[in-house]
Amino acid sequence: MSAQPTTDATGATTTVLPPSVSVRGVRASYGRIEVLHGVDLEVPAGSVFALLGPNGAGKSTLLKVMSGRMRPTTGEVLVGDVAIGKTPPEKLARQGVCAVPEGRGIFPNLTVRENLRIWTYRGGITLKVVEERTYESFPVLKDRRRQMAGTLSGGEQQMLAISRALVTEPRVLYLDELSMGLAPLIVAELYELVGKLARQGMTIILVEQFVTTALAVADHAAIMVHGGIEQQGTPADMADAALSIYLS
Ligand code: ATP
């Protein structure tokens, strides 16, 4: 695990370790239909954790609960020692919890630059710094800075979404279907960046339909089936199990 140096409002640099994430006995429902039936999961601090499983298994729902966007009916999620769900969203942001949800979480009717300006609202960071960090990782976004985000290609939209994670330096990053609708080359590029973010000191939890891609970047994985965790372990442990579950 690597530590992540951050600069506070006074300009002092502090070192913040990425937290572990614990899911304990989580049940969650849409209306009267329960889709998570008691999930327990331990995500080690600073790891890249892949959540695999067939369509409808409950992966996106679990990410929503883990990132505080959906309340469980019972159970709890802890990020470090902070209880998600009992903590207001603005406090979660200060704790460094960040989600890049399915659907990309960008503002389609704003330009690239205007989207970047929004990332500055977390405080203590200027648009200039945001632009520098973003364009360093994604030079193509510099050429597109006056373009409406909704008219960017799928890959460019995903880059913009990830730039938020680069800029606000969350300690926990949730990535839901990063590869959705993207060409393999762009997916490989984005996952290279995910690996880099992890090495810089983030706990990353991702849902990914491409098992091989996910297992290549992850250092822990779990397979979800019917709203529960079927199996978890190292990518090597999970590779055969994942295949058999997808093929069954
Ligand atoms: P996929 O890989 O297809 O995205 P998933 O594993 O992420 O699937 P979820 O999206 O969490 O699964 O869905 C779990 C179950 O909850 C499914 O049966 C789905 O139909 C249902 N569900 C998801 N979102 C809603 C919603 N907003 N309202 C009602 N039911 C929902």
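Structural data are supplied above this passage.
Residues numbered from 1 in each chain as written. Predicted model: local features only at pLDDT ≥ 70, side-chain atom pairs only at ≥ 80, totals over all residues. Heavy atoms only, no water.

Draft legend 1. Examining the overall build of the protein chain more closely. Assigned secondary structure in the protein chain consists of 9 helices and 12 strands. Per-residue burial over the protein chain gives 50% buried out of 248 residues. Taking contacts inside the protein chain between residues at least 6 apart in sequence as the whole, the part at least 24 apart equals 65%. (Helix = DSSP H or I, 4+ residues; strand = E, 2+ residues; numbered from the N terminus. Buried < 20%, exposed > 50% of the residue type's maximum accessible area, 1.4 Å probe, protein only. Contact = heavy atoms within 4.5 Å.)

Draft legend 2. Structural view of the pairing of strand 3 (residues 21–30). In this sheet, strand 4 (residues 33–43) lies alongside strand 3 in antiparallel orientation, the contact comprising 8 bridges. From the neighbouring strand, arginine 27 faces strand 4, where its bridge partner is histidine 37. Once strand 3 ends, the chain turns through 2 residues before running back antiparallel as strand 4, passing glycine 31 with a positive phi of about 60°. For strand 3 and strand 6 (residues 74–79), the ladder comprises 5 bridges, and the chain directions are antiparallel. By the bridge assignment for strand 6, serine 22 is matched with leucine 78. (Pairing = 2+ DSSP bridges.)

Draft legend 3. Layout of the site of the ligand. Neighbouring residues of the ligand: Tyr30, Val35, Pro54, Asn55, Gly56, Ala57, Gly58, Lys59, Ser60 and Thr61. A distance of 2.8 Å separates an oxygen atom of the ligand from a polar atom in the backbone of serine 60. Protein contact buries 58% of the 630 Å² of open area that the ligand shows by itself. Broken down by element, the shell around the ligand gets its largest block of residues, 3 residues, from helix 1 (residues 59–66). Grouping the amino acids of the shell around the ligand by side-chain chemistry returns 4 nonpolar, 5 polar and 1 charged. (Near = heavy atom within 4 Å. Polar contact = N/O pair within 3.5 Å; in protein donor to acceptor, adjacent residues only side chain to side chain. Areas by Shrake-Rupley, 256 points an atom, 1.4 Å probe, with all protein chains shown as cover. Nonpolar A, V, L, I, M, F, W, Y, C, P; charged D, E, K, R; others polar.)

Draft legend 4. The arrangement of the sheet that holds strand 3 in detail. An order of 4-3-6-7 is seen for the 4 strands of this open sheet, with the pairing classed as antiparallel. A strand with exactly one partner marks an edge of an open sheet, and here the two such strands are strand 4 and strand 7 (82–84). Across the sheet, the mean angle from the axis of one strand to that of its neighbour is 30°, orientation sign disregarded. (Axes fitted to C-alpha atoms, helices over the stretch in contact; angles between N-to-C directions.)

Draft legend 5. Expanded view of the pattern of salt bridges. In total, this model carries 5 salt bridges according to the counting rule given. Where arginine 24 meets glutamate 76, a salt bridge forms, and the shortest distance between an N and an O atom there is 3.7 Å. With arginine 24 in strand 3 and glutamate 76 in strand 6, this pair connects stretches of sequence that are 52 residues apart. The residue lysine 128 makes a salt bridge to glutamate 132 at a minimum N-O spacing of 3.3 Å. One end of the pair is lysine 128 and the other is glutamate 132, both in helix 4 (residues 127–137) and 4 residues apart, which spans about a single turn. Assessed through its relative accessible area of 59%, lysine 128 is described here as exposed. (Salt bridge = Lys/Arg side-chain N within 4 Å of Asp/Glu carboxyl O.)

Draft legend 6. Up close: helix 4. Listing the buried residues of helix 4 in full gives Leu127, Val130, Glu131, Thr134 and Tyr135. The buried residues of helix 4 occupy one face: seen down the axis, they fall within an arc of 115°. Opposite the buried face of helix 4, by more than 90 degrees, sit the exposed residues Lys128 and Glu136. Looking at the packing, one finds that the buried side of helix 4 touches helix 3 (112–119), helix 5 (139–143) and helix 6 (154–168). (Arc of directions from axis to C-beta.)

Draft legend 7. Up close: helix 6. With 15 residues, helix 6 should reach 21 Å at 1.5 Å per residue; the first-to-last C-alpha distance of 22 Å fits that figure. With 14 of its 15 residues buried, helix 6 lies for the most part within the structure. Where helix 6 ends, the next residue or the one after it, glutamate 169, has phi of about 45°, a positive value. (Expected span 1.5 Å × (residues − 1).)

Draft legend 8. The arrangement of the packing of helix 6 against helix 7 (residues 184–201) in detail. Across the interface, helix 6 lies against helix 7 with an axial gap of 11 Å and an inter-helix angle of 5°. It follows from the interaxial angle that helix 6 and helix 7 lie roughly parallel. Contact residues: helix 6 offers Gly155, Gln158, Met159, Ile162 and Leu166, while helix 7 offers Ile186, Glu189, Leu190, Leu193 and Leu197. When grouped by side-chain class, the residues that make up the contact of helix 6 with helix 7 number 7 nonpolar, 2 polar and 1 charged. (Parallel < 35°, antiparallel > 145°, perpendicular 65-115°, else oblique.)

Draft legend 9. Representation of the pairing of strand 6 within the structure. Here strand 6 runs beside strand 7; their pairing, made up of 3 bridges, is antiparallel. Across the sheet, the residue bridging to valine 77 is isoleucine 84, located in strand 7. The hairpin turn running from strand 6 into strand 7, its antiparallel successor, is 2 residues long, and glycine 80 in that turn takes a positive phi close to 60°.

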